[in-house]
Amino acid sequence: MNTYSINHIHALLSSLSPARRKQLVQTIRQGGIPLRDIRPYAYPQAPGIKHVFLYFDGQTEPVPYFEADNQVWHTICEAILTLQLPSPDAQCAPGSPPTNGK
């Protein structure tokens, strides 16, 4: 299974307009994941620490990305990368930007 740079995923999510993020959530829901919302977050006191919080149907508390089921997180990352990258097969290694085949 691929690994994903949280900094890269966070940056991509942060760049989405509210309408585009809603479209992303709908795409993920169509894949069978009961996602209600997805929100990037950076701590003002520690800007280097990035989080992505996942909001699922039937849960009142958000789930941090690192506590999500591996397959669920993989599916969400693939959906994010597909929205943002010209090459759908681009890979993201931890701490590195997508390669786009380069």
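Residues numbered from 1 in each chain as written. Predicted model: local features only at pLDDT ≥ 70, side-chain atom pairs only at ≥ 80, totals over all residues. Heavy atoms only, no water.

Participant: Looking at this model, I keep getting lost on the sheet that holds strand S3 (residues 63-64). Mind explaining?
Facilitator: Hydrogen bonds between backbone groups are what pair the strands of a sheet, and the pairing can be parallel or antiparallel. Spatial strand order, S1-S2-S3: three strands in an open sheet with antiparallel pairing. Bordering the open sheet on either side are strand S1 (35-43) and S3, each of which pairs with just one other strand. Packed onto the sheet, helix H1 (residues 6-15) meets S1 and strand S2 (46-56) and runs at close to 70 degrees relative to S2. (Pairing = 2+ DSSP bridges. Helix = DSSP H or I, 4+ residues; strand = E, 2+ residues; numbered from the N terminus. Contact = heavy atoms within 4.5 Å. Axes fitted to C-alpha atoms, helices over the stretch in contact; angles between N-to-C directions.)

Participant: Would you mind showing me how to read the pairing of S1 here?
Facilitator: If a strand is regular, its side chains alternate between the two faces of the sheet. Here eight bridges tie S1 to S2, and the two strands are oriented antiparallel to one another. Pairing of Arg39 across the sheet is with Phe53, part of S2. Between the antiparallel neighbours S1 and S2 lie two residues.

Participant: For this particular structure, what's the right way to read the pattern of salt bridges?
Facilitator: Pairs may arise between side chains of opposite charge once their charged atoms sit close together. The final tally for this structure, using the stated rule, is three salt bridges. The residue Arg21 makes a salt bridge to Asp37 at a minimum N-O spacing of 3.8 Å. Of this pair, Arg21 sits in helix H2 (residues 18-30) while Asp37 is found in strand S1, placing the two residues 16 residues apart along the sequence. For Asp37, a relative accessible area of 16% gives the class buried. When the shortest N-O distance is used, the salt bridge between Asp57 and Arg29 registers 2.9 Å. With Asp57 in the loop between S2 and S3 and Arg29 in helix H2, the pair connects residues that are 28 residues apart, well separated along the chain. A relative accessible area of 32% places Arg29 in the partly exposed class. Here the salt bridges share partners, and the residues they tie into one network are Arg21, Asp37 and Arg39. (Salt bridge = Lys/Arg side-chain N within 4 Å of Asp/Glu carboxyl O. Buried < 20%, exposed > 50% of the residue type's maximum accessible area, 1.4 Å probe, protein only.)

That is the geometry; function is a separate question.
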